[in-house]
Amino acid sequence: MFTGLPNYFCLFFLSLLLCLITICLAGDPYIYYDWTVSYITASPLGVKQQVIGINGQFPGPILNVTTNWNVVVNVKNDLDEPMLLTWNGIQQRKDSWQDGVSGTNCPIPAGWNWTYEFQVKDQIGSFFYFPSLSFQRAAGGYGGITINNRKIISLPFATPDGDITLFISDWFIKSHKELRRDIENGIGLGAPDSILFNGLGPYRYDNALVSGGIAYLSVNVEPGKTYRLRVHNVGVSTSLNFRIQNHNLLLVETEGSYTVQQNYTSLDIHVGQSYSFLVTMDQNASSDYYIVASPRFVNSSGWSKSVGVAVLHYSNSQGPASGPLPDPPNESDTFFSMSQARSIRWNVSASAARPNPQGSFRYGEITVTDVFVLHNRPAELIEGKRRTTLSGISYLAPSTPLKLAQQFNVPGVFKLDFPNKMMNRPAKVDTSVINGTYKAFVEIIFQNNDTTVQSYHLDGYAFFVVGMDYGLWTENSRSTYNKWDGVARCTTQVFPGAWTAILVFLDNDGIWNLRAQNLDSWYLGQETYISVVNPETTDKNDVPLPANVIYCGALSPLQKDQAHRVNFSGAPSFSKPIKLIFVAFVLAIIGSFMR
């Protein structure tokens, strides 16, 4: 083959092939999903009800990707109302267009498609997605996001024998539409009907509390092996204590940060939080074992039936789980959960993607640029409607998303005037946004004046949890901060009558949602946004307006009359099998030159 060709031509051809290999195999891989979001019928508590599924699954499929991969998800909305999916904890570097919340995206109308395209840039760990509008998460629509290390970055523990995702959540037989109507009318959620594991009801551990015929989750394991359990609290408003009968939980990661490895017999997981545990199957398997998620910080006797129970089933098990459920923490010990939260530390020696500022773990020595003390309090009547607030402001979502209004200079949509502290004025409803300084190092203190645990989430970032305590935060409280290995995460709890302090480096261009994760608090207005703009090189730092953007509100006239199904783009992508075939083909050609 190619005999008689001049050497210079052969060398040129060989060089060309090598260039083609470099071009075709360079760049980060793309992975594609086609999802239909629709109502399906399920019976998690033995009663048929309408839930939100993805491709007929409840919970939805797991996004299993690797650091820096590009993810393309084509979403068809088959619900009877607009929806968006948000990617809890995915930082969407410089691309808040893909964030999937009301401040950045117009809702996907019923019957429409919209394609998300984002990169899991410099992240690892355990996250989840869920529908962000209209209380829809209470009906399901959630699923897991697993971001694996690249092979060149080692795990800070031995590779587990298996990977198991668990979704724990409070659950109501009422539909999400009934629940949001109640909330609007001043009716509290009350006790949930039960706690679910992966969309399934409790194992019949007590005949008096759990009726027969309810499907439950059984987790199948092999004796002697170690599994990584990724546990997400995807519920409405209930903190849950997670534990496994006779097994230790070795905590290794939370929301993208490897932690100092510590054993727990149980761990409180608050709404919107995610944790990874290593669990070794070191028992004698005389029977199955209970996996339990039970409500925390509740006093009503009506919660007695609200215990979620799944089964850990060894392959050599001799019988069903038996005996009493493993004991929860003492509910009257108000310091247990806070002490436990303080014990969770960042593993500063692990090799992995890290939040900025990169290369420094001495965040406690960095000069703080701005301080925001955010107060919340129980729902109250404002302008005749029941609302919740942050620092006396109940967020009103405008018909034109903030990000679009900023892009097209639409006046009057929002104001960059969110206060640094509680103002001496009546509570009000407003679209008030934090004016974040680009590359500022910001201290945010959440002061919880409510009677329940609240948890707060910031899109676009991981933040350092540096302190929490009961009482009112003062400037003297900084003396208690952890200035070395406070864990970096995206959702933190704030205990009733207490405060939590975080530090965050605002280096990610965009408009980012800061919200209560408890759906009732969020739905009634407990959120705001942080606008972060690089004043010098905005166009180079913020991803341009997507070609498939949906327009609404003041920009509705810009919407094209089209079906709005966006086909997968021609982005450079070679699947692994195609790459292997291509490489084999090129090597065969190169080999012919060597004959």
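Basis of the calculations
- Residues numbered from 1 in each chain as written.
- Predicted model: local features only at pLDDT ≥ 70, side-chain atom pairs only at ≥ 80, totals over all residues.
- Heavy atoms only, no water.
- Buried < 20%, exposed > 50% of the residue type's maximum accessible area, 1.4 Å probe, protein only.
- Helix = DSSP H or I, 4+ residues; strand = E, 2+ residues; numbered from the N terminus.
- Pairing = 2+ DSSP bridges.
- Axes fitted to C-alpha atoms, helices over the stretch in contact; angles between N-to-C directions.
- Arc of directions from axis to C-beta.
- Contact = heavy atoms within 4.5 Å.
- Salt bridge = Lys/Arg side-chain N within 4 Å of Asp/Glu carboxyl O.
- Lys, Arg positive; Asp, Glu negative; His and termini not counted.
- Phe/Tyr/Trp six-rings, centres within 6.5 Å; stacked < 30°, edge-to-face > 60°.
- Lys NZ or Arg CZ within 6 Å of the ring centre and 35° of its normal.
- Disulfide = S-S within 2.5 Å.

Draft legend 1. Structural view of the pairing of strand 17 (residues 274-280). With 6 of its 7 residues buried, strand 17 lies for the most part within the structure. As paired elements, strand 12 (residues 226-233) and strand 17 share 7 bridges and run antiparallel to each other. Each bridged residue has a counterpart across the sheet, and for Arg228 the counterpart in strand 17 is Leu278. Across 3 bridges, strand 14 (residues 249-254) lies against strand 17 in antiparallel orientation. Within the sheet, the bridge partner assigned to Leu251 lies in strand 17 and is Phe277.

Draft legend 2. Focus on the sheet that holds strand 3 (residues 63-66). Read across the sheet, 4 strands follow the order 3-8-7-5 without closing on themselves; strand pairing throughout is mixed. Bordering the open sheet on either side are strand 3 and strand 5 (85-88), each of which pairs with just one other strand. Each strand of the sheet is rotated relative to its neighbour by a mean of 20°, with strand direction disregarded. Examined bridge by bridge, strand 3 and strand 8 (residues 143-148) share 4 bridges and lie parallel to one another. Pairing of Thr66 across the sheet is with Asn148, part of strand 8.

Draft legend 3. How the structure looks around helix 2 (residues 176-184). Within helix 2 the residues assigned to the buried category are His176, Leu179, Arg180, Asp182 and Ile183. Buried residues in helix 2, looked at end-on, bunch into an arc of 155°, giving them a common side. Contact partners of the buried residues in helix 2: strand 1 (30-42), strand 21 (385-390) and helix 5 (519-523). Just past helix 2, the residue Gly186 takes up positive phi, approximately 85°.

Draft legend 4. View of the pattern of salt bridges. Within the structure shown, the criterion is met by 17 salt bridges. Where Arg515 meets Asp459, a salt bridge forms, and the shortest distance between an N and an O atom there is 3.1 Å. Here the residue Arg515 occupies a position in strand 31 (residues 510-516), and Asp459 occupies one in the loop between strand 26 (454-458) and strand 27 (463-470), the gap between them amounting to 56 residues. There is no split in this pair, since Arg515 and Asp459 are both buried.

Draft legend 5. Region of the structure containing the sheet that holds strand 13 (residues 240-244). With respect to topology, 5 strands assemble into an open sheet ordered 11-19-18-13-16, the strand pairing being mixed. Whereas interior strands pair on both sides, the edge strands pair on one side only; in this sheet they are strand 11 (218-221) and strand 16 (266-269). The mean inter-strand angle of the sheet, taken between neighbouring strand axes irrespective of direction, is 20°. When strand 13 meets strand 18 (residues 289-295), the two strands line up antiparallel, connected through 5 bridges. The residue of strand 18 that forms the bridge with Ile244 is Ile291.

Draft legend 6. Inspection of the side chain of Glu527 at higher detail. Along the polypeptide, Glu527 turns up in strand 32 (residues 527-533). Buried within the structure, Glu527 lacks any salt-bridge partner; Arg515 is the closest side chain of opposite charge, at an N-O distance of 6.5 Å. Those residues in contact with Glu527 that sit more than four places away from it in its chain are Leu390, Tyr395, Asn513, Leu514, Arg515 and Trp522.

Draft legend 7. Spotlight on the packing of aromatic side chains. Under the defined criterion, the tally for this structure stands at 31 aromatic pairs. With centroids separated by 6.2 Å and ring planes inclined at 85°, the aromatic side chains of Phe130 and Trp522 adopt a geometry described as edge-to-face. One end of the pair, Phe130, is in strand 7 (residues 125-131); the other, Trp522, is in helix 5, and 392 residues separate them in sequence. Of the residues examined, Phe130 reaches a relative accessible area of 0% and is grouped as buried. Among the aromatic side chains, those forming a connected cluster through ring pairs are Tyr33, Trp35, Trp87, Trp114, Tyr116, Phe118 and Tyr129. Residue placement shows Arg296 over the ring face of Phe297; its charged tip is 4.9 Å from the ring centre. Its end group placed over the ring of Trp97, Lys403 keeps NZ or CZ at 5.2 Å from the ring centre.

Draft legend 8. Main features of the state of the cysteines. Following the criterion strictly, the structure yields 1 disulfide and no others. The disulfide partner of Cys106 is Cys552, and the S-S distance across this bridge is 2.1 Å. One quick way to see it: the torsion about the S-S bond of Cys106 and Cys552 is about -85°, and its sign makes the bridge left-handed. Of the two residues, Cys106 sits in the loop between strand 5 and strand 6 (113-119) while Cys552 sits in the loop between helix 6 (538-541) and helix 7 (576-593), which places them 446 residues apart along the sequence.

Draft legend 9. Summary view of the environment of Arg386. Among the secondary structure elements, Arg386 is positioned in strand 21. When the C-alpha positions of Arg386 and Ile187 are compared, they lie 9.7 Å apart, and in sequence the two are 199 residues distant. The residues contacting Arg386, other than those within four sequence positions of it, are Ile183, Gly186, Ala379, Glu380, Leu381 and Leu524.

Draft legend 10. Here's a closer look at the pairing of strand 21. Bridging between strand 20 (residues 370-382) and strand 21 involves 5 bridges; their strand directions are antiparallel. The residue of strand 21 that forms the bridge with Asn376 is Leu390. Following strand 20, the chain reverses through 2 residues before pairing antiparallel with strand 21; Glu383 in that reversal takes a positive phi of roughly 55°.

Draft legend 11. Here's a closer look at unusual backbone geometry. Following Phe58, the chain continues into Pro59 via a peptide bond in cis, with omega recorded as -5°. On the secondary structure map, Pro59 appears in the loop between strand 2 (49-54) and strand 3. Positive phi, normally seen in glycine, also occurs at Asn409, with a value near 55°. Mapped onto the fold, Asn409 is located in the loop between helix 4 (402-407) and strand 23 (428-430). For Asn409, a relative accessible area of 67% corresponds to the exposed category. One non-glycine residue with positive phi stands out, namely Lys439, at about 60°. Looking at where Lys439 falls in the secondary structure, it is placed in the loop between strand 24 (434-437) and strand 25 (441-448). Classification of Lys439 by relative accessible area gives partly exposed; the value is 48%.

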